[in-house]
Amino acid sequence: MSLVNSSAGGVLEPILERYSRNPRHLMQILRETQERLDFIPKWAVDYLAEALALARTQVQAVIDFYAFFYDSPRGKYRILFSDNVTDRMQGNTALLSRMLSRLGLTQGQVSGDGLVSIDTTSCTGMCDQGPALLVNNYPVTRLSSQRIDQICELVKSQTPLVEWPSEFFHVEDNIHRKDVLLSTEMVNGQALKHAIELGPQGMLAEMKASNFRGRGGAGFTTGVKWEACRNAPGQTRYVICNADEGEPGTFKDRVLLASFAERVFEGMTIAGYVIGASKGLVYLRAEYRYMLEKLQAKLEARRKTKLLGKDILGQKGFDFDIEIHMGAGAYVCGEETALIESLEGKPGRPRIRPPFPVTHGYLGQPTVVNNVETLAKATLIAQNGGAWYKGLGTKLSTGTKLLSISGDCNSPGIYEYPFGVRITQILEDCGARNAMAVQVGGAAGTCLARHEFGRKIAFEDVSTSGALMVFGDNRDMFEVARNFMHFFKHESCGFCTPCRVGTTLMCNLMDKIANGKGTGYEMNELSRLHQLLKTASHCGLGQSAGRPIYDTLQKFRPSYDRRLKQKDFEPAFDLDASLAPAREIMDRDDMDAHLGTDL
Amino acid sequence: MNLEDTFIIDGTPIPFEPSQTVLQAALKAGVFIPHLCFYPGLRPNGSCKLCTVIINGRHTSACTALARSGIEVENNTPELNDKRRLMLQMLFVEGNHFCPGCEKSGNCQLQALAYELEMMTPHFSHFFPSRKIDASHPEAFLDMNRCIACGLCVQASCEVDKKNIFALSGRGMASHIVINTPSGKLGDSSFALSDKAANVCPVGAILPKRHGFALPIGQRLYDTLPISSQTEFLTTRKA
């Protein structure tokens, strides 16, 4: 007992101290614990619960909720293949099989010697350089058969990750079109100085004059949000940067944080100045763990140059600092109230709204939650003024939008366009010659068919948080929708009935159709469930979960129809499959041991 | 009746008091809105979604929407009841609910709603999940097969009993109740049958031991009167 306790203390005490034994930092404490121990053993749960004065169930609930926390050993090397539809199109399925057979494993299994486990995970944001995988939360990009074989050898020889070839972990920016944000130079502190010259009210007026709308997807006017937060009663105010970029096909925030982080931090500081906050929090998705140290070094440099900390730029009483909080694998935390729950050290279940975060956010205080791109662009408005910004883009959608383009095109990567750009223009620029469909806004977005390519990217037409996946005319849109549906099932938080059960039911129906057992009946069921999820789900995840199916059913019906049986109904119960245990007992798998498929 | 203090449900004016929700005001006025995860005196949870209504054209949960004067609420409509039936079917296939052999039959809110909304079949194929029974406590069973993850026991134990025995863990379909003891067993907790948490479960997930069918099925709470006719009980019940 004392031995366990002393070793437990040896590992956990420095971590606890680093986070001041603050239960709000539970996620960070668990992450660091797992980085030390490869998983979070029961003794660590007990120790942490006691040290943080939490119920052990709360610690357990957090571990259970997030995909990247493990309460049992998952190997010294934990390999997760990104399984977005773009990874599939780049051949990740064959590469996964190759690795499994080379290491003699099945998916999800931990090797007998406890060395390695291999599984899949939701989109890791490397769609422009996939197929990709994560090993112990660090991304390996541009996978090929050769690279897979090399990884297998490195694992077998138990080579530490730091000794793996650095090119494995190289992440490109792939910026192909720059507009005002990506091409305007900024000296650190320049935008902030402008904002301070304007004063909080003046800066707010510029934001409102720009008619700038949030880039996270919902498109709420940022100036109005800041003003509401500034005017809300409360003791403390917070600025949160939502860098939980989990929408499949989106990777613009990855590039902004990798190469334009100063703008993001400066935008947060300006927001803090305007609303009167002294603390900013960045919620960084677990898949971007590899950026953490670099970002922290940047924050440290900003503190040294008085761009963060006390009396920023000599302004008496203007105190602001930024803290980075890592997520742990939960798409739903992109929803702002789930994100706040997660920041508070809890499972990321969306709150009941109203009240909204601008009045009751982080720790119950007025909070502004903005997307990474939104905050970066606030610096442009500080630099050049609201009137200038308003002149860009369209009347209802001012300014520019970063698009993360992937799929069937010659130059996947980041493209910055003024709002109002047509899909045809985008497809031409990225070299997509035989596009049959584009999925705009990720899995929860809109699927456009060829006849809609004249439409424009704008809040008033095709709204998007930034993903644009291109599908060539050889692609199967049914499989695209099925991939997205499985994504939503995996990411549903389980709080409300329609989403928790409905996403599974819809997956079952799609799988039944994929297995050649679908009929017109399943098609009706899919529509009926989509209508329920859309209207009765608690948050945006459930409300949009059926959208990819709904869109592809409308626009790519033949991809469903060719799989359907010409019958009204086919039972869900599969008699032949249910005889599998009997076949196994009899050690038979010949034709006579199977029922005909058309019974 | 002062029109300032009323709102409309399906054409009927409903009086309300400040800070009342649409569900509370409706039940008080004798208008039934189906619900599972709401219990008088506890904070609305908003998770079961059975109380989904349409307020001024927008779908919302009646248990979390504040009553405001003049709002128009659609409640007892074929469209909404069809959706509620669908959600009941989801709850039935997600867990293992065997009404004929369940001690809660007749007192079960899930079953009562299924009768109320004329749910004739579970419609979907059953998931038949493998869930555990915890019989470690001397006075009570915890049968996870029937749990609908409404969270009422969690809240009652934490906020009323001040024992914090239950918590909701897991994600998605793997969401489940866990017990705050080192063993994870209810028997090692300070749980007692007199706890609020022991008496708020809308289904038969928490049941007392050695009390089997004292009142015959057929004479129980929802056997005698449909749940929609018991709005007074639903607002005044105290565990």
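As the structure is a prediction and not an experimental result, all values here were calculated from the model. Sequence positions are assigned chain by chain, starting from 1 and proceeding in written order. As a convention, the first chain written is A and the first ligand written is 1, with the rest following in written order. The model is predicted, so local features are restricted to residues of pLDDT at least 70 and side-chain atom pairs to those at 80 or more, both for listing and for counting; the totals for chains, interfaces and linings are taken over all residues.

## Some remarks on the overall build of chain A
We count it as follows: Each helix corresponds to a stretch of at least 4 residues labelled H or I by DSSP, and each strand to a stretch of at least 2 residues labelled E; elements are numbered beginning at the N terminus. Just to be clear, the radius of gyration here is over C-alpha atoms, and the globule rule we use is 2.2 Å times residues to the power 0.38. Three exposure classes are used. Buried residues have 20 or more other C-beta atoms within 10 Å of their own C-beta, exposed residues have 12 or fewer, and partly exposed residues fall in between, all C-beta atoms being placed from the backbone. With C-beta atoms placed from the backbone, a contact is any residue pair whose C-beta atoms sit within 7 Å.
Of the regular secondary structure elements, chain A holds 25 helices and 14 strands. Expected size for 599 residues packed as a compact globule is a radius of gyration near 25 Å; at 25 Å, chain A falls within 12% of this value. Here chain A holds 599 residues, and the buried ones make up 51% of them. Here the contacts in chain A between residues at least 6 apart in sequence split such that 72% fall between residues at least 24 apart.

## Quick notes on the overall build of chain B
The secondary structure content of chain B amounts to 6 helices and 10 strands. Dimensions along the principal axes, computed over C-alpha positions, put chain B at roughly 55 × 40 × 35 Å. Of all 239 residues assigned to chain B, the portion counted as buried reaches 46%. Partitioning the intrachain contacts of chain B with sequence separation of at least 6 by distance along the chain shows that 66% fall at a separation of at least 24.

## Quick notes on helix H6 (residues 92–103) of chain A
All names here are of chain A. Put simply, the test is: Given a helix with a known number of residues, its expected span is that number minus one, times 1.5 Å. The arc refers to the directions leading from the helix axis to the C-beta atoms.
Its 12 residues place the ends of H6 16 Å apart at the C-alpha level, agreeing with the 16 Å of an ideal helix rising 1.5 Å per residue. Turning to H6, its buried residues number three or more, namely Asn92, Leu95, Leu96 and Met99. Looking straight down H6, one finds its buried side chains confined to an arc of 105°; they lie on one side. Exposed residues on H6 whose side chains face more than 90 degrees from its buried face are Ala94, Ser97 and Ser101. Where H6 is buried, its residues meet strand S1 (77–82), helix H5 (85–89), strand S2 (116–121) and helix H7 (145–156). One or two positions beyond H6, positive phi appears at Gly104, with a value near 65°.

## Description of the pairing of strand S3 (residues 52–55) of chain B
Residue and element names in this part refer to chain B. Cut-off, in case you're wondering: Any two strands with at least two DSSP bridges between them are considered paired.
Two elements, S3 and strand S4 (residues 58–61), share 4 bridges in a ladder whose sense is antiparallel. Note that in S4 the partner of Ile54 across the bridge is His59. Linking S3 to S4, which pair antiparallel, is a turn of 2 residues; within it Asn56 sits at a positive phi near 45°.

## With respect to the packing of helix H9 (residues 190–210) of chain A against helix H15 (residues 372–384) of chain A
A pair of packed helices is characterised by two quantities: the angle between their axes and the separation of those axes. Residues and elements named next belong to chain A. Our working rule: Only the stretch in contact is used when fitting a helix axis, every axis being a line fitted to C-alpha atoms; angles between N-to-C directions are given from 0 to 180 degrees. Geometric relationships in this document are graded by angle, where less than 35 degrees denotes roughly parallel, more than 145 denotes roughly antiparallel, 65 to 115 denotes roughly perpendicular, and other angles denote oblique. Classes in brief: Ala, Val, Leu, Ile, Met, Phe, Trp, Tyr, Cys and Pro nonpolar; Asp, Glu, Lys and Arg charged; the others, Gly included, polar.
Between H9 and H15, whose axes approach to 8 Å, the crossing angle comes to 100°. Considering the angle they form, H9 stands roughly perpendicular to H15. Contacts between H9 and H15 involve Gln190, Ala191, His194, Ala195, Met203, Glu206, Met207 and Ser210 from the first element and Ala378, Thr379, Ile381, Ala382 and Gln383 from the second. Here the contact of H9 with H15 is composed, by residue class, of 7 nonpolar, 5 polar and 1 charged.

## Here we look at the environment of Gln150 of chain A
Note on placement: Gln150 of chain A falls in helix H7. Along the backbone, Gln150 of chain A and Glu262 of chain A are 112 residues apart, and their C-alpha atoms lie at a distance of 36 Å.

## Structural notes on the sheet that holds strand S4 (residues 138–140) of chain A
All names here are of chain A. Spatially, S2-S1-S3-S4 is the arrangement adopted by the 4 strands of the open sheet, whose pairing is mixed. Looking at the sheet topology across the chains shown, the edges are occupied by S2 and S4. Going from strand to strand, the sheet's axes swing by 25° on average, the running direction of each strand aside. The pairing of S1 with S2 spans 6 bridges and is parallel. Paired with Leu80 across the bridge in S2 is Asp119. Its contacts with the sheet put H6 on S1 and S2, and the angle it makes with S2 is roughly 165°.

## Observations concerning the interface of chain A and chain B
The interface is formed by 30 residues belonging to chain A together with 28 residues belonging to chain B. Only helix H4 (56–65), helix H18 (477–491), helix H19 (497–514) and helix H20 (520–536) of chain A provide two or more residues apiece to the side of chain A that touches chain B. Of the residues contributing to the side of chain A that touches chain B, the split by class is 14 nonpolar, 11 polar and 5 charged.

## As for the domain arrangement of chain A
Residue and element names in this part refer to chain A. Our working rule: How far each domain reaches was decided by an automatic or database domain assignment.
Taken as a whole, chain A is organised into domain 1 (2–65), domain 2 (77–172), domain 3 (176–390), domain 4 (400–475) and domain 5 (478–561). The gap between the C-alpha centroids of domain 3 and domain 5 is 34 Å. When the residues that make up the side of domain 3 that touches domain 5 are grouped by side-chain class, the tally is 5 nonpolar, 1 polar and 2 charged.

## Describing the sheet that holds strand S10 (residues 206–208) of chain B
Residues and elements named next belong to chain B. If you trace the 3 strands from one edge of the open sheet to the other, you get S6-S7-S10, paired in antiparallel fashion. Both outer strands of the open sheet, strand S6 (133–134) and S10, are each paired with one neighbouring strand and no more. Looking at chain direction, strand S7 (residues 140–143) and S10 are connected through 3 bridges and run antiparallel. Paired with Leu142 across the strands is Ile206, a residue of S10.

## Section: the domain arrangement of chain B
Residues and elements named next belong to chain B. Entries for chain B in the domain assignment read domain 1 (3–76) and domain 2 (99–226). Just the C-alpha atoms count here: the centres of domain 1 and domain 2 sit 25 Å apart. Counting from both sides, the interface comprises 10 residues of domain 1 and, opposite them, 13 residues of domain 2. Residue composition of the side of domain 1 that touches domain 2, by class: 7 nonpolar, 2 polar and 1 charged.

## Considering the nonpolar core
The condition is simple: Note on terminology: a nonpolar core is any set of buried Ala, Val, Leu, Ile, Met, Phe, Trp, Tyr and Cys residues joined through C-beta atoms within 7 Å.
Counting residues in hydrophobic clusters, the biggest one holds 237 residues, and the most contacted among them are Ile240, Val264, Ile270, Ala271, Val438 and Val470 of chain A together with Val22 of chain B. Sequence-distant contacts of Ile270 of chain A, that is, excluding residues within four places in its chain, are made with Ala191, Leu192, Ala195, Met203, Ala378, Thr379 and Ala382 of chain A.

## Examining the pairing of strand S6 (residues 238–243) of chain A
All names here are of chain A. Within S6, 6 of the 6 residues are buried, which leaves the element mostly enclosed by the surrounding structure. When S6 meets strand S7 (residues 279–284), the two strands line up parallel, connected through 6 bridges. The residue bridging Asn242 from the neighbouring strand is Tyr283, located in S7. Of the strand pairs in this sheet, S6 and strand S9 (residues 367–371) are connected by 5 bridges, and their pairing is parallel. Bridging from a neighbouring strand, Ile240 pairs with Val369 of S9.

## So, the environment of Leu533 of chain A
Residue and element names in this part refer to chain A. In this structure, Leu533 sits in helix H20. The class of Leu533 is buried, set by 28 C-beta atoms lying within 10 Å. Sequence separation between Leu533 and Gln109 is 424 residues, and the spatial gap between their C-alpha atoms is 33 Å. With sequence-adjacent residues up to four places away left out, Leu533 is seen in contact with Pro498, Cys499, Gly502, Gly542, Gln543, Ala545 and Gly546.

## Side note on the packing of H18 of chain A against helix H22 (residues 547–555) of chain A
Residue and element names in this part refer to chain A. Threshold: When the near helix sits turned anticlockwise from the far one by under a right angle, the crossing is termed left-handed; a clockwise turn instead gives a right-handed crossing.
Between H18 and H22, the least distance of the axes is 8 Å, while the angle of their chain directions is 165°. Between H18 and H22, the angle is such that the two are roughly antiparallel. Judged by the sense of rotation from one axis to the other, the crossing of H18 with H22 is left-handed. Here Met477, Phe478, Val480, Ala481, Phe484 and Met485 of H18 come into contact with H22, specifically with Pro548, Ile549 and Thr552. Its residues placed into classes, the contact of H18 with H22 shows 8 nonpolar, 1 polar and no charged.

## Observations concerning helix H12 (residues 261–275) of chain A
Residues and elements named next belong to chain A. Look at H12: 21 Å from first C-alpha to last across 15 residues, which is about the 21 Å you get at 1.5 Å a residue. With 14 of 15 residues buried, H12 is to be regarded as a mostly interior element. Positive phi shows up at Gly276, right after H12, with a value of about 85°.

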